[in-house]
Amino acid sequence: MKLKNNIDLRSDTVTKPSIQMKAYMMDAELGDDVFEDDPTVKKFEEKTAQMFGKEAGLFCSSGTMTNQIALMVYLKPGDEVICSREAHIYNYEGGGIARNSGASVRLINRSSGIIYLEEIIDNINPNDIHYPVTSLVSLENTINRGGGVCYPIKEIERISNYCKTENIPLHLDGARLFNALVKTGVKANHIGPLFDSISLCFSKGLGTPVGSVLIGSKDFIQKARRVRKVIGGGMRQVGMLAAAGIYALENNIDRLSIDHYHAELLANALSNCSWIEKVMNVETNIVVGYLKENYQTEEFIDRLKNDGILAIPFGKGRVRMVTHLDVSKEDVEKVISSLKF
Ligand SMILES: *Cc1c(COP(=O)(O)O)cnc(C)c1O
């Protein structure tokens, strides 16, 4: 596949660091982070945690790792986590809930991926030796399989209050949380305290080459640091990668609104394409289209590929396009004219 001149809408993970980001990375002060000696990693972890009103952070190689570490801290074999049937932790982390934590999972089925307090309450097991112990509730914001929808903050507040009174930890897979904050205007230091832990990705919309940060209390992050070491995730002079994250926090958050606008334009064009039945409501940077019956996802993808546009299949009869900082206004215009069939 010739990638260079393609307009790559497969994911917001495909972004490459800008010249300015690279220059900032080159200047990073380094040390051995397993000895907690890397000043740039420390600065990045602290800056991220403070932004969300949390005590501490842990820099990891991926969002799968930050989620899985959090699950391993909360869950013992035989425990149960409540999440959506659409959740990334369930669908796209290689069965890690079972493999890493030995835990059982209670899925709530709703295509948006939003789960409501009443459903959570209904799915908490009674204190009875027959049942797995409900030890965690996990939410996602924005919701990838929900087409990038933002979790309603009022619902998060209700769930958070309930979990606090019931002493059930609440985790957030916030791979695209910055998109949700930019879209809804909710402040980081408002949403942060509603969760016990949050996983944040920097290699998606924020445009770093790699990296996620897990944030939570000092005690939680101390436990998470131990788990990260066990699974081989302790890294040494990674201040250069952390520097990319610091650069992203300072420069790449507000511009996410541009990606959201581009996604709206694409959604509009996609809904006018004759092969498309409907388009999921777009709130952030993810556009999901449903093909009409008798049209094949692969053929649709190939047709765009001939015009140098890359999209991906997204479940049966669905295609996904994601906007990001390497997709320009001109790119969006090209895609719009290519969708006129
Ligand atoms: C991308 C993503 C992750 C993490 O993926 P990695 O590729 O492991 O960084 C986690 N949750 C959601 C919702 C995601 O979209």
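Residues numbered from 1 in each chain as written. Predicted model: local features only at pLDDT ≥ 70, side-chain atom pairs only at ≥ 80, totals over all residues. Heavy atoms only, no water.

A. Focus on the overall build of the protein chain. Secondary structure assignment for the protein chain yields 14 helices and 13 strands. The C-alpha atoms of the protein chain give a radius of gyration of 20 Å, which matches the 20 Å a tight globule of 341 residues would have. Considered along the principal axes of its C-alpha atoms, the protein chain spans approximately 55 × 50 × 35 Å. Here the protein chain, with 341 residues, has 56% of them falling under the buried criterion. In the protein chain, of all internal contacts separated by at least 6 residues, the share reaching a separation of at least 24 is 75%. As presented, the protein chain carries roughly 15400 Å² of accessible surface, and 49% of it is formed by carbon and sulfur atoms. (Helix = DSSP H or I, 4+ residues; strand = E, 2+ residues; numbered from the N terminus. Rg over C-alpha atoms; globule rule 2.2 N^0.38 Å. Buried < 20%, exposed > 50% of the residue type's maximum accessible area, 1.4 Å probe, protein only. Contact = heavy atoms within 4.5 Å. Areas by Shrake-Rupley, 256 points an atom, 1.4 Å probe, with all protein chains shown as cover.)

B. The arrangement of the environment of Ser104 in detail. Within the element layout of this structure, Ser104 appears in strand β4 (residues 104-108). Exposure remark for Ser104: the relative accessible area of 25% places this residue in the partly exposed category. Measuring from C-alpha to C-alpha, the distance between Ser104 and Ile82 comes to 9.0 Å, with 22 residues separating the pair along the chain. In contact with Ser104, other than residues within four places in its own chain, are Asp79, Glu80, Val81 and Pro132. A distance of 2.7 Å separates polar atoms of two side chains, one belonging to Ser104 and the other to Glu80. (Polar contact = N/O pair within 3.5 Å; in protein donor to acceptor, adjacent residues only side chain to side chain.)

C. How the structure looks around the nonpolar core. Ranked by internal contacts, the top residues of the largest apolar core, which has 52 residues, are Phe52, Leu139, Leu177, Phe178, Ile191 and Phe195. If you tally residues by element for this core, the top one is helix α11 (residues 239-251), at six residues. The contacts of Phe52, once residues within four sequence positions are left out, are Leu177, Phe178, Leu181, Ala188, Asn189, Ile191, Gly192, Pro193, Ile198, Leu200 and Ile215. Residues Leu9, Val282, Leu291 and Val319 belong to the second largest nonpolar core, which totals 25 residues. (Core = buried A, V, L, I, M, F, W, Y, C linked by side-chain atoms within 4.5 Å.)

D. Expanded view of the site of the ligand. Taken together, 13 residues form the shell around the ligand, and within it Gly63, Thr64, Asp173, Arg176 and Lys204 come nearest. Between an oxygen atom of the ligand and a main-chain N or O atom of Gly63, the distance comes to 2.8 Å. Surface burial for the ligand is 83%, taken as the share of its 380 Å² of free accessible area covered by protein chains. The leading source of residues in the shell around the ligand is helix α3 (residues 63-74), at three residues. The residue inventory of the shell around the ligand, partitioned by class, reads two nonpolar, six polar and five charged. (Near = heavy atom within 4 Å. Nonpolar A, V, L, I, M, F, W, Y, C, P; charged D, E, K, R; others polar.)

E. Focus on the sheet that holds strand β5 (residues 133-140). Spatially, seven strands are ordered β2-β8-β7-β6-β5-β3-β4 in an open sheet, and the strand pairing comes out mixed. With partners counted over all chains shown, the strands left at the sheet margins are β2 (56-60) and β4, one partner each. Within the sheet, the average angular offset between the axes of one strand and its neighbour, ignoring direction, is 20°. The pairing of strand β3 (residues 79-84) with β4 spans five bridges and is classified as parallel. (Pairing = 2+ DSSP bridges. Axes fitted to C-alpha atoms, helices over the stretch in contact; angles between N-to-C directions.)

F. Representation of a nonpolar patch on the surface in the model. A cluster of nonpolar residues, Met26, Leu30 and Met240, forms a patch on the protein surface that exposes about 290 Å² of accessible area. Relative to the helices and strands, Met26 is located in helix α1 (residues 19-26). (Patch = residues over 30% accessible without salt bridge, like charges linked within 9 Å, V, L, I, M, F, W, Y side chains within 5 Å. Salt bridge = Lys/Arg side-chain N within 4 Å of Asp/Glu carboxyl O.)

G. The sheet that holds strand β12 (residues 312-313), seen in detail. Spatial ordering of the open sheet is given by β9-β10-β13-β12, a layout of four strands whose pairing is antiparallel. A strand with exactly one partner marks an edge of an open sheet, and here the two such strands are β9 (276-279) and β12. With three bridges joining them, β9 and strand β10 (residues 286-291) adopt antiparallel strand pairing. Among the inter-strand pairings, Val279 is bridged to a residue of β10, identified as Gly289. The strands touched by helix α13 (residues 297-306) are β9, β10, β12 and β13 (318-322); relative to β13, the strand with the most contacts, the crossing angle is about 35°.

H. Molecular detail of the domain arrangement of the protein chain. Parsing the protein chain into structural domains produces domain 1 (19-251) and domain 2 (255-338). Across the boundary between the two partners, domain 1 contributes 18 residues, which contact 15 residues of domain 2. Both faces considered, domain 1 and domain 2 share a buried interface measuring about 1400 Å² in area, 54% of it formed by carbon and sulfur atoms. Per-residue buried area on domain 1 facing domain 2 is highest for Arg145, Gly147 and Asn179; these three make up 30% of the total on that side. Connecting domain 1 to domain 2 are zero salt bridges. Where domain 1 meets domain 2, there are four residue pairs in polar contact (both at pLDDT 80 or more). Considering each element in turn, the side of domain 1 that touches domain 2 owes the most residues, four residues, to helix α8 (residues 177-184). Tallied by class, the residues present in the side of domain 1 that touches domain 2 amount to six nonpolar, nine polar and three charged. (Domains from an automatic or database assignment. Buried area = accessible area lost by both parts, 1.4 Å probe.)

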